[in-house]
Amino acid sequence: MNRFIGFLALALFIPAAFAAGGGSGIVMESHNDVGNIASLQRGARNFVNYCLGCHSAKFVRYNRVARDLGISEEDLAKYLMWTAEKPHETMDVAMPADDAARWFGRTPPDLSLIARSRGVDWLYTYLMTFYVDESAVFGANNLMLPGASMPNVLWELEGRKEAVFEETVDDEGNSHEEFVEFRQLTEGSLSPEEFDQFATDLVNFLDYMGEPMQLKRQSLGIRVIAYLLVFFLLALALKKEFWKDVH
Ligand code: HEC
C-alpha cells in the first residue's frame, strides 16, 4: 500500500516538476535550411570559433564536413581545423573534460547529435535567449535552460540584454514569473539581423551534424524526381504513339 502511495505521489509529482521547471515556455522557430550550403559553411566557421573551445562533436570528421560543404583542404586547414592535425580526425574539444567540469560544474555535452535530441527550434531559442543575470555564476541566464551553467559566449556579438519578468498569480493562488520582453543594455558588434543570421547558420550546422546524410538524401531526392519526370514524359509519348492509330 505504501509503495502504491509512493508511486502515486511520484506519478503526480513528475508532470508538476516538468511544468514548473520548463523555463518560460517560449519557443522561437528556427528558419534554418540544411540545403543552404553557404549558410552551412558560415555555421561551421561559427561553430569552430565559438563552441569547439568547450564542446566536442566527436561523431563528425573534418574531411567529411569539408567534402559535404564544398570546402577545399586548404581552407579547411586554415579556417576550421583548430583542434586537429589531420583532416580525418573528429571535431574534438580544445579543453580537457576535467577542467571543464571543474570550471562549469558540468562537462559541456558533445554537440554532434544535439539537434536530434533537442530539435532545431530549441537550439535556436537557446542561442537567442541568453540574458544578464548577476546572481548566476557567469553572470548570464537563459530562458530555454534556466540556471544553465554555460556562460553567454556570444555576448560580444549580440550585446548584453536583460530580461523583464512579471509576477502573475494563477487561479489557484500560485505566483509565477512570466517573461515579458528583453531590453538591450549594450550593443554588440553585430546588428540584431546579423546576429539572428549568425544563430540561424549555427543551428543549421548543428542540424547538418546531427544527420549528415540529409544533405545526400535531399540531392538524391531531387535526382530521383527528375528521373521519374523524364520517364513519365517518355511513357506519355509512347502511349500517344501506341494509341494514335486506334481511334
Ligand atoms: C566556455 C565554455 C562553453 C562554450 C564556449 C560554449 N558552451 Fe555550450 N555549454 C557549456 C556548458 C558548461 C554547458 C552545460 C550547461 C548546463 O547544462 O547547465 C553547455 C550547454 C550547452 C547546450 C545545452 C545542452 C543540453 O542539451 O543541455 C547547448 C545546446 C550548447 N551548450 C551549445 C553551445 C553552442 C552552439 C556554442 C557555441 C556558440 C557553445 N555551446 C559554446 C559551455 C560552453
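The rules we used
- Residues numbered from 1 in each chain as written.
- Predicted model: local features only at pLDDT ≥ 70, side-chain atom pairs only at ≥ 80, totals over all residues.
- Heavy atoms only, no water.
- Donors = N, O, S within 2.8 Å, 3.2 Å for Na, K, Ca; no water.
- Tetrahedral: all angles 85-135°; square planar, octahedral: opposite > 155°, others 65-115°.
- Helix = DSSP H or I, 4+ residues; strand = E, 2+ residues; numbered from the N terminus.
- Buried < 20%, exposed > 50% of the residue type's maximum accessible area, 1.4 Å probe, protein only.
- Near = heavy atom within 4 Å.
- Polar contact = N/O pair within 3.5 Å; in protein donor to acceptor, adjacent residues only side chain to side chain.
- Nonpolar A, V, L, I, M, F, W, Y, C, P; charged D, E, K, R; others polar.
- Phe/Tyr/Trp six-rings, centres within 6.5 Å; stacked < 30°, edge-to-face > 60°.
- Lys NZ or Arg CZ within 6 Å of the ring centre and 35° of its normal.
- Core = buried A, V, L, I, M, F, W, Y, C linked by side-chain atoms within 4.5 Å.
- Contact = heavy atoms within 4.5 Å.
- Domains from an automatic or database assignment.
- Buried area = accessible area lost by both parts, 1.4 Å probe.
- Salt bridge = Lys/Arg side-chain N within 4 Å of Asp/Glu carboxyl O.
- Axes fitted to C-alpha atoms, helices over the stretch in contact; angles between N-to-C directions.
- Left-handed = near helix turned anticlockwise from the far one by under 90°.

A few words now on the coordination of the iron atom of the ligand. When four donors bind a metal tetrahedrally, each ideal donor-metal-donor angle is 109.5 degrees, and when six bind octahedrally, the ideal angles are 90 or 180 degrees. The iron atom of the ligand binds to the protein through His55 (NE2) and Met150 (SD), with metal-donor distances spanning 1.9 to 2.1 Å. Here the iron atom of the ligand binds six donor atoms, and the angle range of 88 to 179 degrees at the metal identifies the geometry as octahedral. Placement of histidine 55 in the loop between α2 (37-50) and β1 (57-61) and of methionine 150 in the loop between β4 (140-142) and α8 (155-158) is noted, with a sequence separation of 95 residues between them. Accessibility expressed as a relative area gives 21% for methionine 150, which makes it partly exposed.

What follows deals with the site of the ligand. In the vicinity of the ligand lie 22 residues, with Cys51, Cys54, His55, Arg106 and Met150 positioned nearest. Within the side chain of arginine 118, one N or O atom sits 2.7 Å away from an oxygen atom of the ligand. At a separation of 2.7 Å, an oxygen atom of the ligand approaches a polar backbone atom of serine 149. Split into classes, the residues belonging to the shell around the ligand amount to 18 nonpolar, two polar and two charged.

This part is about the packing of aromatic side chains. On inspection of all chains with the given rule, the structure shows 12 aromatic pairs. When the centroid spacing of 5.9 Å and the interplanar angle of 25 degrees are considered together, the rings of tyrosine 227 and phenylalanine 231 count as stacked. A residue pair is termed a helical-turn pair when its members lie 3 or 4 positions apart in one helix, as tyrosine 227 and phenylalanine 231 do in helix α10 (residues 213-243) at four residues. Under the relative-accessibility criterion, tyrosine 227 is labelled exposed at 55%. A network of ring pairs unites the aromatic residues Tyr131, Phe165, Phe179 and Phe182 as a single cluster. The ring centre of tryptophan 122 lies 4.0 Å from the NZ or CZ of arginine 118, which sits over that ring. Sitting above the plane of the phenylalanine 182 ring, lysine 161 keeps its charged end 4.6 Å from the centroid.

In this section: the nonpolar core. Core analysis: the biggest nonpolar cluster contains 43 residues, and Phe47, Leu69, Met91, Phe205, Tyr208 and Met209 have the highest contact counts within it. Among the elements of the structure, α2, β1, α3 (62-69), α4 (73-80), α6 (114-118), α7 (120-128) and α9 (192-210) are those that each provide at least two residues to this core. Looking at this core element by element, the count peaks at nine residues for α9. Look past the residues within four positions of tyrosine 208 in its chain and what remains in contact with it is Val34, Leu40, Arg64, Val65, Asp68, Leu69, Gln214 and Leu215.

When cut into domains, the chain gives domain 1 (22-211) and domain 2 (214-247). Taking only C-alpha atoms into account, the centre of domain 1 sits 44 Å from that of domain 2. Facing 10 residues of domain 1, the contacting portion of domain 2 comprises five residues. Here domain 1 meets domain 2 over a buried area of about 590 Å², counting both sides, of which 45% is carbon and sulfur. Its largest share of buried area at the contact with domain 2, domain 1 owes to Val34, Asp68 and Glu211, together 67% of the area lost on that side. Put simply, domain 1 and domain 2 have zero salt bridges between them.

The next subject is the pattern of salt bridges. What the rule picks out here adds up to five salt bridges. Note that glutamate 158 is salt-bridged to lysine 161, the shortest N-O span being 2.6 Å. Residues glutamate 158 and lysine 161 agree in their burial class; the two are buried. Close ionic contact of glutamate 241 with lysine 244 constitutes a salt bridge, the shortest N to O distance being 2.9 Å.

On to the packing of α7 against α9, then. The description of two packed helices rests on the angle between their axes and on the distance between the axes. Contact geometry of α7 with α9 gives a least axis separation of 10 Å together with a crossing angle of 145 degrees. Of the two elements, α7 crosses α9, and the hand of that crossing is right-handed. In this structure, α7 contributes Val120, Leu123, Tyr124, Leu127 and Met128 to the contact, and α9 contributes Phe195, Asp196, Ala199, Thr200, Leu202, Val203, Leu206 and Asp207. Of the residues in the contact of α7 with α9, the class split is 10 nonpolar, one polar and two charged.

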